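Residues per chain, in single letters:
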Amino acid sequence: MVISGMGRALAVQGDYRGALRKYKEARAIRLELGERFIAAESLLTIAELALEHHDFTEAARSAREAAQDFRQLGAPQSEAKATAILSLCQQGRPATVRF
């Protein structure tokens, strides 16, 4: 999706807020299209980006919602990844390992 690509480009350029907006926009479109798994993956991307930028509130919110979505979709590996990010948020630690 072009919008996600724009989010990636903004993140690489160091525009955290701009990247966050684009990723959230892409997620909303995916939800409208009924692409629940990809929308949950978008939440995971948002959580990872927020964690890298020490925005623990956004990271935790997104990771928690992603974990719930993955649980409902029957995707235990993705749910575990979201739960790991949530754990890092609760410890107030940025991600040191790439998922």
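Residues numbered from 1 in each chain as written. Predicted model: local features only at pLDDT ≥ 70, side-chain atom pairs only at ≥ 80, totals over all residues. Heavy atoms only, no water.

Over its 17 residues, helix 2 (residues 16–32) extends 24 Å from the first C-alpha to the last, a length consistent with the 24 Å expected when each residue adds 1.5 Å. Following helix 2 by one or two positions, glycine 34 has its phi on the positive side, about 80 degrees. (Helix = DSSP H or I, 4+ residues; strand = E, 2+ residues; numbered from the N terminus. Expected span 1.5 Å × (residues − 1).)

Moving on to the side chain of serine 42. Along the polypeptide, serine 42 turns up in helix 3 (residues 36–52). Setting aside its immediate chain neighbours within four residues, serine 42 contacts Arg27 and Arg30. (Contact = heavy atoms within 4.5 Å.)

This brings us to the pattern of salt bridges. For the structure shown, the criterion picks out 9 salt bridges. Glutamate 25 is the partner of lysine 22 in a salt bridge, and the nearest nitrogen-oxygen pair spans 3.5 Å. With lysine 22 and glutamate 25 both in helix 2 and 3 residues apart, this pair spans about one turn of that helix. The closest approach of N and O atoms between arginine 27 and glutamate 65, which form a salt bridge, is 2.9 Å. Remark: glutamate 65 occurs in helix 4 (residues 56–73) and arginine 27 occurs in helix 2; sequence separation between them is 38 residues. (Salt bridge = Lys/Arg side-chain N within 4 Å of Asp/Glu carboxyl O.)

Here helix 3 is 17 residues long and its end C-alpha atoms lie 25 Å apart, about the 24 Å a rise of 1.5 Å per residue gives. Buried residues of helix 3: Ala39, Ala40, Ser42, Leu43, Leu44, Ile46, Ala47, Leu49, Ala50 and Leu51, and no others. Against helix 1 (2–12), helix 2, helix 4 and helix 5 (76–91) lie the buried residues of helix 3. Immediately beyond the C-terminal end of helix 3, within one or two residues, lies histidine 54, with a positive phi of roughly 60 degrees. (Buried < 20%, exposed > 50% of the residue type's maximum accessible area, 1.4 Å probe, protein only.)

Of the residues in the protein, 92% have a pLDDT of 70 or more, and the chain-wide mean is 90. No element of the protein has a lower mean pLDDT than helix 1, which averages 84, and none a higher one than helix 4, which averages 96. (pLDDT = per-residue confidence, 0-100.)

Let us now look at the packing of helix 3 against helix 5. Between helix 3 and helix 5, whose axes approach to 11 Å, the crossing angle comes to 25 degrees. Regarding the angle of helix 3 to helix 5, the classification is roughly parallel. Handedness of the crossing formed by helix 3 with helix 5: left-handed. From helix 3, Phe37, Leu44, Ala47, Glu48 and Leu51 reach across to helix 5, where they touch Ser78, Lys81, Ala82, Ile85, Leu88 and Cys89. Partitioning the contact of helix 3 with helix 5 into residue classes produces 8 nonpolar, 1 polar and 2 charged. (Axes fitted to C-alpha atoms, helices over the stretch in contact; angles between N-to-C directions. Parallel < 35°, antiparallel > 145°, perpendicular 65-115°, else oblique. Left-handed = near helix turned anticlockwise from the far one by under 90°. Nonpolar A, V, L, I, M, F, W, Y, C, P; charged D, E, K, R; others polar.)

All right, on to the environment of isoleucine 38 then. Within the secondary structure, isoleucine 38 is located in helix 3. Its relative accessible area of 35% is what places isoleucine 38 among the partly exposed residues. When the C-alpha positions of isoleucine 38 and phenylalanine 56 are compared, they lie 22 Å apart, and in sequence the two are 18 residues distant.

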